[in-house]
Amino acid sequence: MSQFAFLQREWPAELDAFKKAEGAVHADPRTACFYARRALELSVAWAFKHDPNLKLPYQDNLSALIHEPTFKKAAGDAVFSKARVIVTLGNRAVHSHRAIPVEDALVAVRELFHVAYWLARTYGRVGRPAPGLQFDPSALPEPQQIEKRSAEQLRQLEAQLRERDEKLAQLLTDRSSLDDELKRLRAEVAEARKAATTQPDTHDYSEAETRDYFIDLLLKEAGWPLDQRRDREFEVAGMPNGQGIGHVDYVLWGDDGKPLGLVEAKRTRRDSRVGQQQARLYADCLEKQFGQRPLIFYSNGYEHWFWDDTNYPPRPVHGFYKKGELELLVQRRSTKKPLASGEISKKIVERYYQWRAIRKVGEAFEQDHERKALLVMATGAGKTRTVIALADLLMRCNWVKRVLFLADRVALVKQAVREIGRHLPDSSPVNLVTDKEGEGRVFVSTYPTMMGLIDETRNGQRRFGVGHFDLVIIDEAHRSVFQKYRAIFDYFDALLVGLTATPKDEVDRNTYGFCFSIWRKGVADGCLLPRGGRQGEVPRAAASCLGTAQVPARRDSV
């Protein structure tokens, strides 16, 4: 008897994938992880199709669906975290050639069981599983002699299955095309969900296990093997707790044997920031012992915070930095140069308002310790050149190593690559739309391309870690990019500069909710000409941008 049998009555089509994941745990762990992700994908797609309260995101792939705010709210922290674990293990099964241990397959199916319970409890119309229902590892099928599938075979299977899958975007974009049967089902599902929310969910979702495992998973995904005794529960002296001894949950070591970072894992559903002071005390102890202050992370498995307490206040991050990224941050403590005294390249920008714009951004980053800025400049005022010169200044002052430039159209990507190649040839600009394997210091991409690359892993590690880019530039930031692609800006822990030509009162308020705004108003006399105009005339579109540089009051959202 399958442990997912409670799905049989209302989800018979999806049940097959659940049973395949369950049956392969001991026989073929890689395939078990693949089918766990497949079962999750089918379940989430079913929910979006049938639950009218769920809003379809920018695209209908699994990662986008589970991160959509309406789904996260419906699922809750516990189920959302389990979904992320399943996605990560499924991606590793398909994209990594390293062996997948039985333990990982067991975790994937265990987490899948809780997702299945949530699905049936939330949307069941003819009955719900009992709250006391629990996953039993000992009841899994015994190992069988079967031919194990390789990562390549699973990639081919994945492509075949996706070809057959229903396209949610096509189905749900035009709500008027929904047939009567689906409309009836959506009404029933809405009532079932409403009824479920009136009763407390007393099911034990084993959240502590998920939190501990997920922190390990994210660290390994960032390239930390955690295979040495001193990586976990490292003992330090000098704690103000009576005994003077403490144990750091994780220490992230550099090749020189010095601590690059530490992770304080709070095994509680409370705010992860309750671990902030304890993490700081651990950093003090490690600095005293090794002569190098580590960078600080603290997490409860749901929320992760990063604290470079020599430069910035704590900030939320999507995961953990890789070793090379932490090494750069430690090095910059002594190699960063003041931006105010750095020379702006006049070969790149020649106009006074461009220089002033760059200086204003520099002041925000250096003096105010802001990490997000918005430049509003009239069309034709040289926005692209301005940010290229800004990137050049940040690179030469050792603030930035890698830059990501994002645009919403392929034509703008090509244009940016040409401009960057002309003015910063040593940066080896990479067009990620056409060359996804390229390496350089400046990467240019459309938003959908980067959304796909964020999830890409190589041998179990993310290609682009959360700290891969030091600066992210958003072209045409006034458009709906923050609504559709905010996951990109949440994922990368980088300085962020938005560009727009739209006057202040016309910019999407989502842009201002996300960016600390630096208004750069000013057009050099004679630099912009109307069609058929004479030298010295300013086009009407630019007239509203004349004036002096202004920095508005800071916004609480930053």
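Nothing here was measured: the structure is a model prediction, and the numbers come from that model.

Chemist: Please explain the environment of Leu-286 as it appears in this structure.
Modeler: Residue position: Leu-286 is located in helix α10 (residues 276-290). A relative accessible area of 0% means that Leu-286 is categorised as buried. Discounting residues that sit within four places of it in the chain, Leu-286 has contacts with Phe-234, Val-236, Val-248, Val-251, Pro-259, Leu-262, Gly-291, Gln-292 and Pro-294.

Chemist: What am I meant to see in the pairing of strand β4 (residues 295-299) here?
Modeler: Both faces of the sheet carry side chains from a regular strand, because those side chains alternate between them. The element β4 is extensively covered by neighbouring structure, given that five of its five residues are classed as buried. As judged from the five bridges shared by strand β3 (residues 259-265) and β4, these two strands associate in the parallel manner. If you follow Ala-265 over to β4, its bridge partner there is Ser-299. Sheet analysis places β4 next to strand β5 (residues 304-307), joined by four bridges and oriented antiparallel. Opposite Phe-297, over in β5, you have Phe-306 as the bridge partner.

Chemist: How should I be thinking about the packing of aromatic side chains in this particular structure?
Modeler: Each aromatic ring pair is described using two quantities: the centre-to-centre distance and the angle formed by the ring planes. Tallying each qualifying case throughout the model produces 26 aromatic pairs. Ring plane angle 65° and centroid distance 5.3 Å describe the contact between Trp-11 and Trp-46, whose orientation is recorded as edge-to-face. Linking Trp-11 in the segment before α1 (12-23) with Trp-46 in helix α2 (residues 29-50), this pair joins segments that are 35 residues apart in sequence. Summarising the burial analysis for this pair, Trp-11 and Trp-46 share the class buried. Note on Phe-234 and Phe-290: the rings are 6.2 Å apart at their centroids and 45° apart in plane angle, and the pair reads as tilted. Of this pair, Phe-234 sits in strand β1 (residues 232-237) while Phe-290 is found in helix α10, placing the two residues 56 residues apart along the sequence. Members of the aromatic cluster, connected to one another through ring pairs, are Trp-11, Trp-46, Phe-48, Phe-71, Trp-118 and Tyr-123. A cation over a ring is seen here: Lys-72 above Phe-80, with NZ or CZ 4.7 Å from the ring centre. Between Arg-371 and the ring centre of Tyr-312, over which it is positioned, the NZ or CZ distance is 4.9 Å.

Chemist: Quick question: what am I supposed to make of the packing of helix α4 (residues 69-95) against helix α6 (residues 151-164) here?
Modeler: One way to put it is that α4 packs onto α6 with a least axis distance of 7 Å and a crossing angle of 115°. Taken as axis vectors, α4 and α6 run roughly perpendicular relative to one another. On α6, the residues touching Ala-93, Val-94 and His-95 of α4 are Ala-151, Leu-154, Arg-155 and Glu-158.

Parameters and conventions
- Residues numbered from 1 in each chain as written.
- Predicted model: local features only at pLDDT ≥ 70, side-chain atom pairs only at ≥ 80, totals over all residues.
- Heavy atoms only, no water.
- Helix = DSSP H or I, 4+ residues; strand = E, 2+ residues; numbered from the N terminus.
- Buried < 20%, exposed > 50% of the residue type's maximum accessible area, 1.4 Å probe, protein only.
- Contact = heavy atoms within 4.5 Å.
- Pairing = 2+ DSSP bridges.
- Phe/Tyr/Trp six-rings, centres within 6.5 Å; stacked < 30°, edge-to-face > 60°.
- Lys NZ or Arg CZ within 6 Å of the ring centre and 35° of its normal.
- Axes fitted to C-alpha atoms, helices over the stretch in contact; angles between N-to-C directions.
- Parallel < 35°, antiparallel > 145°, perpendicular 65-115°, else oblique.

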